[in-house]
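Structural features, examined
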Amino acid sequence: MCSIQKLNKEERLSMMVDTYQNLVFSVCYKVTGDYFMSEDLTQEVFLSAYKNLDAFEGENEKAWLCRIATNKSIDYLRSAGRRAVPTEDVFFEQKSEDAGSPEDICLEKEVKERLLTYCSRLKPPYNEIAKNVYYDEKKAAEIAKERNENLKTVQTQIYRARDMLRKIYRKEISA
Amino acid sequence: MREGYNDLDDKELEALIADVEKNGMIAPPVYLKELIMKAAAEEEQAAKGTGRSMAVGNRDIVIQNKEYMLRKAKIQFLAYSFKIAAAAAVAVFCLTAIPMDIAGGALEKGDYMEERIERDIERYQQEKEKALADEEGGGLESFLGRWLKSRSDIDVDGIWNNFIN
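Presented here is a report on the structure given in the accompanying data block.

Rules used in this analysis
Sequence order as written defines residue numbering, which begins from 1 separately in each chain. As they are written, the chains are lettered A onward and the ligands numbered 1 onward, keeping that order. Reporting of local features is limited, given that this is a predicted model, to residues whose pLDDT is at least 70; pairs of side-chain atoms are given and counted only at 80 or more, and all residues count toward the totals for whole chains, interfaces and linings. As a rule here, side-chain values cover all heavy atoms of the structure and leave hydrogens and water aside. Contacts are residue-level and defined by heavy atoms, with any inter-residue pair within 4.5 Å sufficient. Joining two parts hides part of their accessible area as seen by a 1.4 Å probe, and the buried area is that hidden amount summed over both. What makes a salt bridge here is a side-chain nitrogen of Lys or Arg within 4 Å of a carboxyl oxygen of Asp or Glu, nothing more. For this analysis, a polar contact is any N or O atom pair within 3.5 Å, provided that within protein one partner can donate a hydrogen and the other can accept it, and provided that sequence-adjacent residues contribute only side-chain to side-chain pairs. A run of DSSP states H or I qualifies as a helix once it reaches four residues; a run of E qualifies as a strand once it reaches two. Both are numbered from the N-terminal end. Note on method: axes are straight lines fitted to C-alpha atoms, helices fitted across the in-contact stretch only, with angles between N-to-C directions ranging 0 to 180 degrees. Orientation is classified from the angle alone, with under 35 degrees giving roughly parallel, over 145 giving roughly antiparallel, 65 to 115 giving roughly perpendicular, and any other angle giving oblique. Crossings are assigned a handedness: left-handed for a near helix turned anticlockwise from the far helix by less than a right angle, right-handed for a clockwise turn.

For an interface, size is often stated in terms of accessible area lost upon the parts coming together. On the side of chain A, 54 residues touch chain B, which itself brings 37 residues to the contact. Regarding the contact of chain B and chain A, the summed buried area is about 4300 Å², with carbon and sulfur atoms giving 63% of it. Summed over the shared surface of chain B and chain A, the result is 5 salt bridges. A salt bridge links Lys30(A) to Asp19(B); the nearest nitrogen and oxygen atoms lie 2.7 Å apart. Summed over the shared surface of chain B and chain A, the number is 8 residue pairs in polar contact (both at pLDDT 80 or more). Among the elements of the structure, helix 1 (10-22) and helix 2 (32-50) of chain B are those that each provide at least two residues to the side of chain B that touches chain A. A per-element tally of the side of chain B that touches chain A places helix 2 of chain B first, with 10 residues.

Below you can see the structure in the form of structure tokens.
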């Protein structure tokens, strides 16, 4: 803990993100049931933690971050017009019933498969770009290298693909 | 919405974390860390440049430095004032110093026509005076007679020339 305290704020944040981003994202996803909203909320959580890092004296970083994550997610759900958003509870329960053990549960795979379906609905080249990012988990630099394109171009395409996916996702959720 | 999440106490939070960890976690998009670090750097920059950040409950707000805001407002006001003064000066200059051809070149054209009319009138006056002088010398009849004769001589010569050729 002492060695962590010695790190500067950016390094501490980087370390926190590496360690807890999956957990924070999953908590946000469990509460909201919205993949892309969870992305925004996770970002907010870490940003909030970063701002209050100096004030944080507790030892349980994990609980602290999860507390911020649940608060932000609940705030999001409380905000107008979002009460009707269905959660992934049913999904979780179904998976729990189907699967024999926790190892058999592959929620991530399921989410990814769903994202892949949405990616395929995009027009080229965004479908490929989105698949590379969300399904294959490739970074922008890797994609740029593979496609022999400028990094900035790929970053812009990722940004646009994300926007399109968000729209499809929202439409799908509200339907 | 899960109503049970409305007020999570420590036990409920622990249960939630355990549930998430047990049921498998979802990896966020690969670019998320990059976005977070970028946003944090921007936040730091904003806090350094404009004021200090302060946490109020769950919401973080950036309190702008009062002096900085006042200075910024003054600079903005001076800039706008300068712009307006410059625009007014240019407008006055355009109205007074630069000669404007509202008629679209018609003035120059008008001068030319006037000159021409004056010249024509002058020529007319000269011819009239000449004619009057001739009249005084031999009368209008003699003037016309002379003129007709000269015309007929030319014509007769023309006719003869045509015959010969």
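Residue and element names in this part refer to chain A. For the pair helix 3 (residues 35-51) and helix 4 (residues 61-78), interaxial distance at closest approach is 9 Å and the crossing angle is 130°. Accordingly, the angle class assigned to the pair helix 3 and helix 4 is oblique. Considering the relative orientation of helix 3 and helix 4, their crossing is right-handed. Together, Met37, Leu41, Glu44, Val45, Phe46, Ser48 and Ala49 of helix 3 and Trp64, Leu65, Ile68, Ala69, Lys72, Ser73 and Tyr76 of helix 4 make up the contact between the two elements.

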